Amino acid sequence: MKVYTLLGFVQYEGSTLLGVFTSISDVIQYIKSPNRSKWYYDDVGYIESELGEGINDVEGNLEYYFENI
């Protein structure tokens, strides 16, 4: 089963786990939710992986979400 791990990034501070979702459409729906007005992230991106699989290379697997956050 594929899962999508959503991360928020702040320059020079690191990243925050925002959630784990079962589809890309769920990720985009969450990003576009009204709660995002409270976000302070410079970038937001997701990683596609298999459920239970470790993620060893975050930067190599990350897909950034480029619409204005």
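Residues numbered from 1 in each chain as written. Predicted model: local features only at pLDDT ≥ 70, side-chain atom pairs only at ≥ 80, totals over all residues. Heavy atoms only, no water.

Caption draft 1: Seen up close, the overall build of the protein chain. Of regular secondary structure, the protein chain possesses two helices and four strands. Its C-alpha atoms give the protein chain a radius of gyration of 12 Å, near enough to 11 Å, the size a compact globule of 69 residues would have. Each of the three principal axes of the protein chain carries a C-alpha extent, and together these read 30 × 25 × 15 Å. Residue burial in the protein chain is summarised as follows: out of 69 residues, 35% are buried. Of the accessible surface of the protein chain, which amounts to about 4800 Å², a share of 47% is contributed by carbon and sulfur atoms. For the protein chain, the distance from the average site of its 4 positive side-chain charges to the average site of its 11 negative ones is 12 Å. (Helix = DSSP H or I, 4+ residues; strand = E, 2+ residues; numbered from the N terminus. Rg over C-alpha atoms; globule rule 2.2 N^0.38 Å. Buried < 20%, exposed > 50% of the residue type's maximum accessible area, 1.4 Å probe, protein only. Areas by Shrake-Rupley, 256 points an atom, 1.4 Å probe, with all protein chains shown as cover. Lys, Arg positive; Asp, Glu negative; His and termini not counted. Charge placed at Lys NZ, Arg CZ, Asp CG, Glu CD.)

Caption draft 2: Quick peek at the nonpolar core. Of all hydrophobic cores here, the largest spans twelve residues; its members are Tyr4, Leu6, Val10, Leu18, Phe21, Val27, Ile31, Trp39, Tyr41, Val44, Tyr46 and Tyr65. When contributions to this core are tallied by element, the ones reaching two or more residues are β1 (2-10), β2 (14-21), α1 (24-31) and β3 (43-50). Per element, the largest residue contribution to this core is three residues, and it comes from β1. Excluding its chain neighbours within four sequence positions, the residues that come into contact with Val27 are Tyr4, Leu6, Phe21 and Tyr46. (Core = buried A, V, L, I, M, F, W, Y, C linked by side-chain atoms within 4.5 Å. Contact = heavy atoms within 4.5 Å.)

Caption draft 3: Up close: the pattern of salt bridges. This model, assessed by the stated rule, comprises two salt bridges. Here Lys2 ties to Glu48 by a salt bridge, and the two come within 3.4 Å at their closest N and O atoms. Residue Lys2 is located in strand β1, and its partner Glu48 is located in strand β3; the two are separated by 46 residues in the primary sequence. According to the relative accessible area criterion, Glu48 is partly exposed, its value standing at 40%. Each of Lys2, Glu48 and Glu50 takes part in a single network of salt bridges with overlapping partners. (Salt bridge = Lys/Arg side-chain N within 4 Å of Asp/Glu carboxyl O.)

Caption draft 4: Quick look at the sheet that holds β1. One open sheet accounts for four strands, arranged β2-β1-β3-β4; its pairing is antiparallel. Edge positions in the sheet fall to β2 and β4 (62-65), since each has one partner strand and no second. The mean inter-strand angle of the sheet, taken between neighbouring strand axes irrespective of direction, is 30°. In this structure, β1 lies alongside β2, joined through seven bridges in antiparallel fashion. Across the sheet, residue Val10 finds its bridge partner in β2, namely Gly14. (Pairing = 2+ DSSP bridges. Axes fitted to C-alpha atoms, helices over the stretch in contact; angles between N-to-C directions.)

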